[in-house]
Amino acid sequence: MGSVIQTLHEQAAEDVASLSDLLDNALFYATVLQQKPVTSWLRKERDGYGDDDALPAYRQSEDAVLIAWQPGAGWIEAPISDSQSLGVTHIDIRTDIAGLLRERKETRKAGMRRMDIDEAHQKELRAKISLDTRLALMVPAGAYQRVLDTVRLAIGIWAARMLDAGIQGHGSAFTREEKELARPVSDELDSIIEEACARQAELPEPERPGLLGRLLGRS
């Protein structure tokens, strides 16, 4: 039976491989190898980040567009200045990977997805930008794609470093020596994610359609 880490590394490089399956397999191997930092990160990616969880940088975005409801016209881009937009268009993406895969599928055609804002936050925004109407955010598909790309790349880099350390794995078993070798790799999680973010930034950005022709829904 071949190396499971080698297989994982190869699958991470293939866009046709399911990211959900890739994530589940990586989480299983990290758990068996007792790599607590990696296990914790993968579990949050699988299950989603809670409100009190610190978000990695790739799950934070300033790319959203503030939109306002105009009776008779529907959603329009909010007429605000650049200074008013500071901090307004920031979004935290806490959704689990499976949810993000669904959202990416929904946004592929339109290129953007409307994200509703809770009433308390809307009230703060209305006061800040002097608009008395319903507000929401349009989130570009690229913001979701960035998360998915980065997680896939990070799993691939993690697997590569495991292989470099001499960790192969066969079936669901790892030798005692492999478990010892896995500990230092687990401590490299921050640099693994940093490298994944750098690689993701080099990928071509998806084409972003014009906002006014792409607003999602009129309710």
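Everything that follows concerns the structure shown earlier in this document.
Residues numbered from 1 in each chain as written. Predicted model: local features only at pLDDT ≥ 70, side-chain atom pairs only at ≥ 80, totals over all residues. Heavy atoms only, no water.

Peer 1: Even after reading the chapter, I still don't get the overall build of the chain, so can you show me in this structure?
Peer 2: Counting its regular elements, the chain contains 9 helices and 6 strands. Dimensions of the chain, computed from the C-alpha atoms along their principal axes, are close to 65 × 30 × 25 Å. The proportion of buried residues among the 219 residues of the chain is 43%. Accessible surface, the chain: about 11900 Å² in total, of which carbon and sulfur atoms supply 48%. Of the charged side chains in the chain, 27 are positive and 36 negative; the average position of the first set lies 5 Å away from that of the second. (Helix = DSSP H or I, 4+ residues; strand = E, 2+ residues; numbered from the N terminus. Buried < 20%, exposed > 50% of the residue type's maximum accessible area, 1.4 Å probe, protein only. Areas by Shrake-Rupley, 256 points an atom, 1.4 Å probe, with all protein chains shown as cover. Lys, Arg positive; Asp, Glu negative; His and termini not counted. Charge placed at Lys NZ, Arg CZ, Asp CG, Glu CD.)

Peer 1: What am I meant to see in the nonpolar core here?
Peer 2: Core analysis: the largest hydrophobic core is formed by 54 residues, its most contacted members being I5, W41, L42, L66, I155 and W158. The element contributing the most residues to this core is helix α7 (residues 141–164), with 12 residues. Residues in contact with L42, not counting those within four places in the same chain, are L23, A26, L27, A30 and I155. Judged by nonpolar contacts, the second largest core, of 6 residues, contains W75, M112, A136 and M138. (Core = buried A, V, L, I, M, F, W, Y, C linked by side-chain atoms within 4.5 Å. Contact = heavy atoms within 4.5 Å.)

Peer 1: Just checking my understanding: could you explain α7 for this structure?
Peer 2: Note: α-helices contain 3.6 residues per turn, so residues at a spacing of three or four share the same orientation. Across its 24 residues, α7 extends 35 Å between first and last C-alpha, which sits within 8% of the 34 Å expected from 1.5 Å per residue. The element α7 is extensively covered by neighbouring structure, given that 18 of its 24 residues are classed as buried. G166 sits one or two residues past α7 and shows a positive phi near 95°. (Expected span 1.5 Å × (residues − 1).)

Peer 1: Explanation requested: the pattern of salt bridges in the structure shown.
Peer 2: Close approach of charged atoms allows side chains of opposite charge to pair. Following the criterion strictly, the structure yields 12 salt bridges and no others. The partner of R59 in a salt bridge is E45, with the nearest N and O atoms 2.8 Å apart. Taken together, the positions of R59 in the loop between α3 (36–47) and β1 (60–61) and E45 in helix α3 put the pair 14 residues apart, joining distant regions of the chain. Owing to a relative accessible area of 0%, E45 belongs among the buried residues under this scheme. In this structure, a network of salt bridges that share partners links the residues R161, E188, E195 and R199. (Salt bridge = Lys/Arg side-chain N within 4 Å of Asp/Glu carboxyl O.)

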